[in-house]
Amino acid sequence: MTVINVDRLRKRYGDTVAVSDVSFTVERGEIFGILGPNGAGKTTTVESIAGLRAPDGGTITVLDRDPGDPELRRLVGVQLQESQLPEKMTAGEALELYSAFYSEPADWRRLADELGLAGKLTTRFGKLSGGQKQRLSIALALIGNPAVAILDELTTGLDPQARRDTWDLVESIRDRGVTVLLVTHFMEEAERLCDRVALIDAGTVVALDTPAGLIAGVSAEQRIRFRPSVPLDDTLLTGLTEVREVRRHGTQLEVIGEGNLLHAVTATLAAHQIIANDLRVEQASLDDAFVRLTGRAATGEHS
Amino acid sequence: MRVFAKLTRTEFRLLLREPMLLFWIFAFPSILVVILGSIPAFREPIPDLGGVRVIDLYAAIAIILTLAMLGVQSAPLVLTTYRERGILRRLATTPVRPVALLGAQLVMSLLTAIVSVALLLIIARLVFAVPLPRHLLGFAVAFLATAGAAFAIGLFIAAVAPGGKAANTIGTLAFFPLMFFAGLWTPREVFPEVLRRIADLTPLGAGERAVQEAMAGQWPAWGSLTVLVAYMLVFGLAAARLFRWE
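Computed from a predicted model, the values in this text were never measured in an experiment. The written sequence of each chain sets the order in which its residues are numbered from 1. As a convention, the first chain written is A and the first ligand written is 1, with the rest following in written order. Local features in a predicted model are, by the rule used here, given only for residues with pLDDT of at least 70; side-chain atom pairs are given and counted only at 80 or more, and totals for whole chains, interfaces and linings are based on all residues.

### What about the overall build of chain B?
Secondary structure elements are taken from DSSP: a helix is a run of H or I of four residues or more, a strand is a run of E of two residues or more, and numbering for both begins at the N terminus. Scanning chain B from N- to C-terminus turns up 10 helices and two strands. In sequence order, the secondary structure elements of chain B are arranged as α-α-β-β-α-α-α-α-α-α-α-α. Rg of the C-alpha trace for chain B: 18 Å, near the compact-globule value of 18 Å for 246 residues, within the 12% margin. Over its C-alpha atoms, taken along the principal directions, chain B stretches across nearly 60 × 35 × 30 Å. With C-beta atoms placed from the backbone, a residue counts as buried when 20 or more other C-beta atoms lie within 10 Å of its own, as exposed when 12 or fewer do, and as partly exposed for counts between those limits. Split into buried and exposed, the 246 residues of chain B put 48% on the buried side. In chain B, the share of contacts with a sequence separation of at least 24, taken over all contacts with a separation of at least 6, comes to 76%. Just to be clear, the radius of gyration here is over C-alpha atoms, and the globule rule we use is 2.2 Å times residues to the power 0.38. Two residues form a contact once the distance between their C-beta atoms, set from the backbone, is within 7 Å.

Listed below in structure tokens is the structure:
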């Protein structure tokens, strides 16, 4: 069953086109990722889905309703980028207050417990760590027992451990039957969490597939890296039909090609009595798919 | 209604955690009255003012001061900070409308003003025998009209200020001339004629006049009440049109 349907979404701010053509559907119970470089139109897309912005064109339905339908504010939990709380409000007060907004809220004490905030209920928002603030923000998005959770850049600014903890958390949210729309620019995050990913660049969807599918789309290409035991002429390898390109990185050679690349290269080296030291065969990752599809390097750290 | 009460209670709690703000709102107006009342000359009836004492005038001025601090300085700062920190935006994704938080902040401010003013009136009455407002209904009307004008101006500042810092600056810049015309430095009653006429057209000058008259036992001048309602409408409507939620 389709939970979110976005069809040819368009949105501009003045002369700047934020989103020019975005379409995708999110099915019940999936973790759907929106991936893309900064400024690609990810946040505008989710804010339109959350009913915070009116699109200039295209249609969006969430649970078969218009995003502006007040009923959706009960059914959709949203964790926005850079949404904070008053500095001196405690975590417990925030949870209690926000749970009063809903007719059938989750038990906020249990939620705090599950999110590892039980010991922080009397701590003021300003005194929470980045990870704790983020978890509180997620808790507030889940406090109304939503059917859909929209999480925007939820691990930005977190340390690697907190990021991994947050990933576990997102999986547990899905396990309780919540459909998750996740916005991220971390490849690793998308690869680890998402069932399907829409890759957005410059306001359009450039690819939509499972993370494995996206990687497979670029993995016809193979890369081999090694340090030859003696200097060698590039043409020795570029002459092979399997080899497309040879790059030098200091003493290291990077051979890019397809087909039975590894066999072709090692056979040629052996025939010339060259030993390939530190030989590595690189597998494509979502990073590579990203670079191939957007023509630029992914932003963000890689851990 | 239950949600609105909770929001208002939360705003109260947050105010109680701001010691500086608490001092200026609850203690400072009363302290001002006590300090001025300690000056013997201010406790003598002045024939030129129809036998009123300076301390009697300052009781009313301190009431206006309380409303000015809450409406023009504190409320815009809080509301712009809420916008700046994305708190209004977060609320927009819940079943509660962000305007409810705005309302809760105003109701909390008004209740706070009532408590602070009651404290001030009691101290002025007990220590300096300043009579309690003689025209109670008139006093309530004058007080609410002045509060309405002050909060409308505060909302307008919150609407146009890009951030908390700007709201604070604009609020402070507005505060001094507004309070000058309310007579904080020289009571309006001893202003030269021209200045008094100008003061009567400013929101807090009109407010001071209306409160003063009600305290002395008269129904506040309709002119003053009209000026107050006009400010409330003009700034309130402008704020409603211009207010940005994010």
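### A closer look at the nonpolar core
Put simply, a nonpolar core is a cluster of buried Ala, Val, Leu, Ile, Met, Phe, Trp, Tyr and Cys residues tied together by C-beta atoms within 7 Å. Formed by 146 residues in total, the largest nonpolar core has its most connected members in Ala139(A), Leu181(A) and Ala59(B). A total of 21 residues in this core trace back to one element, the largest contributor, which is helix H3 (residues 54-84) of chain B. Listed in part, the eight residues of the second largest apolar core include Ile224(A), Leu237(A), Val243(A) and Val246(A).

### Regarding the interface of chain A and chain B
The partner chain B presents 16 residues to the 19 residues of chain A that form the contact. Residues are grouped as follows: Ala, Val, Leu, Ile, Met, Phe, Trp, Tyr, Cys and Pro are nonpolar; Asp, Glu, Lys and Arg are charged; all remaining types, including Gly, are polar. For the side of chain A that touches chain B, the residue count by class is 12 nonpolar, two polar and five charged.

### Topic: the pairing of strand S6 (residues 148-152) of chain A
Residue and element names in this part refer to chain A. Counting buried positions along S6 yields five of five residues, so the element is predominantly enclosed. Side chains Val148, Ile150 and Asp152 of S6 all project onto a buried face; the interleaved residues Ala149 and Leu151 project onto the opposite face, where all are buried too. Bridging between strand S5 (residues 76-79) and S6 involves four bridges; their strand directions are parallel. From the neighbouring strand, Val76 faces S6, where its bridge partner is Val148. Whether two strands pair comes down to DSSP finding at least two bridges between them. Looking at chain direction, S6 and strand S7 (residues 179-184) are connected through five bridges and run parallel. Across the sheet, Val148 pairs through a bridge with Thr179, a residue of S7. Crossovers are described as right-handed under a simple rule: with the strands pointing away from the observer, the path leading from the first strand over the helix to the second runs clockwise. A crossover connection joins S6 to the parallel S7 through helix H6 (residues 160-175); in handedness this β-α-β unit is right-handed.

### Comments concerning helix H2 (residues 19-37) of chain B
All names here are of chain B. Helices are assigned an expected span. That span is 1.5 Å times one less than the residue count. The terminal C-alpha atoms of H2 lie 25 Å apart, and with 19 residues this matches the ideal 27 Å at 1.5 Å per residue to within 8%. Of all the bends in H2, the greatest, near 50°, is centred on Ala27, and the proline Pro29 appears no more than four residues after it. Burial in H2 covers these residues: Ile25, Pro29, Ser30, Val33 and Gly37. Where H2 is buried, its residues touch H3 and helix H5 (98-128). Bend is computed residue by residue as the angle between axes fitted to the seven residues ending at the residue and the seven residues starting at it.

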